[in-house]
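Commentary on secondary and tertiary structure
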Amino acid sequence: MADVTERMLALLSTLQTGRPFSGEELASRLAVSPRTVRRDVERLRGYGYPVETQPGPGGYYRLVAGRTMPPLVLDDDEAIAALLGLATLASAGSDEDGTLDDAATRAYGKLDQFLPARLRPRATALRASLETGRQRAPGVNTEVLAGLAEAITGREVVSFDYTDQHKRSSRRRVEPHRQVHLHLRWYLLGWDLDRSDWRVFRLDRVTDLVRTGVRHSARRLPADTALSYLRQGLNADRRRVQFVVQAKPHEVADALKYQDAQIQRVDEQETRVTVWLDSWEWLILHLAFLDADFSIIEPSDFRDACAAFARRLLTAGGPPANPNGDLTS
């Protein structure tokens, strides 16, 4: 990367992720030598960026918070991604003050004030040209999200008022472990101290969050990931269905856009899908719009039901025509 300014921006953009990077990793990302990385880090320090260095084996470079930290620096594509991300968050919410969508709406309107001058015209043009469809979703208070994030990081017990789906309210004491976003909803996976078990809480139903200051030990999650555990609960009363479609993954995803489907490319024209459904009829309806051949792998009763439905469709269409155009008997 011959251009020094471009290289410095790339280095700064990488370090602004907040995680530590080894010298070798930075050198590989920037396609330069470790010696050049060291010189560039010194340049950043000269510009007022507080870069922390850990020498020796396992050493790293990391950008840390500092009073002289300059304003936000984004590459062109990062600026676009930030604006689109804020627009997406702003479009899904409840229009209530203090919620995540409210904060995103305010940030969306002022982001260009913190961008380099060269990016402000592009950010302004993008914002002026963009419209998003409103998606109604329960609003989540930003203080709840931020407070839980800090408690999770510090392994701190929290307490809060919780209203369940039956409108029953209770005070809960929880060891928070993960926050999960799925289907326009925010969830907390935590260990409920009063029930001695894992529980999932909808964050839009959480109020009066209090960080107790009491520390807890780490616990092994009840599944590979918090998202997996959440999906298990949401799909507990549904059937696991696997099928193969003669279509590309993005085409299948469009047909199943409102379902929590796992879509995997097999080859250029075949896609394997795993989804949890209430009935085989739902599957047939949506795959009919896809207009592609498919075969159901499991469960067998879904496959049998589809075969029986296919026979009824053939009967409803009447006897097939012979090659001469006459109806066969």
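Residues numbered from 1 in each chain as written. Predicted model: local features only at pLDDT ≥ 70, side-chain atom pairs only at ≥ 80, totals over all residues. Heavy atoms only, no water.

**Looking at the overall build of the chain**
We apply this condition: Secondary structure elements are taken from DSSP: a helix is a run of H or I of four residues or more, a strand is a run of E of two residues or more, and numbering for both begins at the N terminus. The globule rule used here is 2.2 Å times the number of residues to the 0.38 power, and the radius of gyration it is set against is calculated over C-alpha atoms. Remark: exposure states derive from per-residue accessible area (1.4 Å probe, protein chains only) relative to the maximum for the residue type, with buried under 20%, exposed over 50%, and partly exposed in between. Whether two residues are in contact is decided by their heavy atoms: any pair within 4.5 Å suffices. Values of accessible area rely on a 1.4 Å probe in the Shrake-Rupley scheme; residue burial ignores everything except the protein chains shown. Counted as positive: Lys and Arg. Counted as negative: Asp and Glu. His and the chain ends are not counted at all. Working definition for charges: the position is that of NZ of Lys, CZ of Arg, CG of Asp or CD of Glu.
Each helix and strand in the chain was counted, giving 11 helices and 13 strands. Radius of gyration (C-alpha) of the chain: 27 Å, far over the 20 Å computed for a compact globule of 329 residues. Each of the three principal axes of the chain carries a C-alpha extent, and together these read 90 × 55 × 45 Å. Residue burial in the chain is summarised as follows: out of 329 residues, 35% are buried. Restricting to contacts in the chain with at least 6 residues of sequence separation, those with at least 24 account for 58%. If you sum the accessible surface of the chain, you get close to 19600 Å²; carbon and sulfur atoms cover 50% of it. Distance between charge centroids for the chain: 5 Å, based on 45 positive and 45 negative side chains.

**Some points on the environment of R211**
Put simply, the test is: Think of a polar contact as two N or O atoms within 3.5 Å of one another; within protein, one of them needs to be a possible hydrogen donor and the other a possible acceptor, and neighboring residues in sequence only count if both atoms come from side chains.
With respect to the secondary-structure elements, R211 resides in strand β9 (residues 206-215). Separated by 2.6 Å, the side chains of R211 and E150 make a polar contact. Here E156 takes part through its side chain, which lies 3.0 Å from a polar atom of the side chain of R211.

**Considering unusual backbone geometry**
In this structure, the amide linkage connecting E298 to the following residue, P299, adopts the cis form with an omega of 0°. Locating P299 in the fold gives a position in the loop between β13 (294-298) and α11 (300-316). Of note in the backbone geometry, L184 takes a positive phi value of approximately 65° without being a glycine. Along the chain, the position of L184 falls in the loop between β6 (169-182) and β7 (185-192). The phi dihedral of S196 is positive, around 50°, even though this residue is not glycine.

**Some thoughts on helix α1 (residues 4-15)**
Since there are 3.6 residues in each turn of an α-helix, residues three or four apart along the chain are aligned in direction. We count it as follows: For a helix, the expected span equals 1.5 Å multiplied by the number of residues minus one.
Here α1 contains 12 residues, and its C-alpha end-to-end distance of 16 Å stays within 8% of the 16 Å for a straight helix at 1.5 Å per residue. Taken together, the buried positions of α1 are R7, M8, A10, L11, L12, S13, T14 and L15. Those residues of α1 that are buried are in contact with α2 (23-30), α3 (34-46), β1 (51-54), β2 (60-63) and α4 (76-91).

**Here we look at the confidence of the model for the chain**
Inclusion rule: pLDDT is a per-residue confidence score from the predictor, ranging from 0 to 100.
Averaged over every residue, the pLDDT of the chain is 84; the share at 70 or more is 92%. Looking at the elements of the chain, mean pLDDT is at its lowest for strand β3 (residues 92-93), recorded as 76, and at its highest for strand β5 (residues 156-163), recorded as 97.

**So, the sheet that holds strand β12 (residues 270-277)**
Adjacent strands of a sheet form backbone hydrogen bonds with each other and so pair up, either parallel or antiparallel. For clarity, the cut-off: The pairing criterion is simple: DSSP has to find at least two bridges between the two strands. The angle between two axes is taken between their N-to-C directions and runs from 0 to 180 degrees, where each axis is a line fitted to C-alpha atoms and a helix contributes only its stretch in contact.
Pairing in this open sheet of four strands is antiparallel, and the strands run β11-β12-β10-β13 from one edge to the other. The open sheet terminates on both sides in strands that have one partner only, identified here as β11 (262-267) and β13. Here the average twist between neighbouring strands, direction ignored, is 25°. Of the strand pairs in this sheet, strand β10 (residues 239-245) and β12 are connected by seven bridges, and their pairing is antiparallel. Looking at β12, one finds that V244 is bridged to R272. Strands β10 and β13 of the sheet are contacted by α11, whose axis makes an angle of about 145° with β13.

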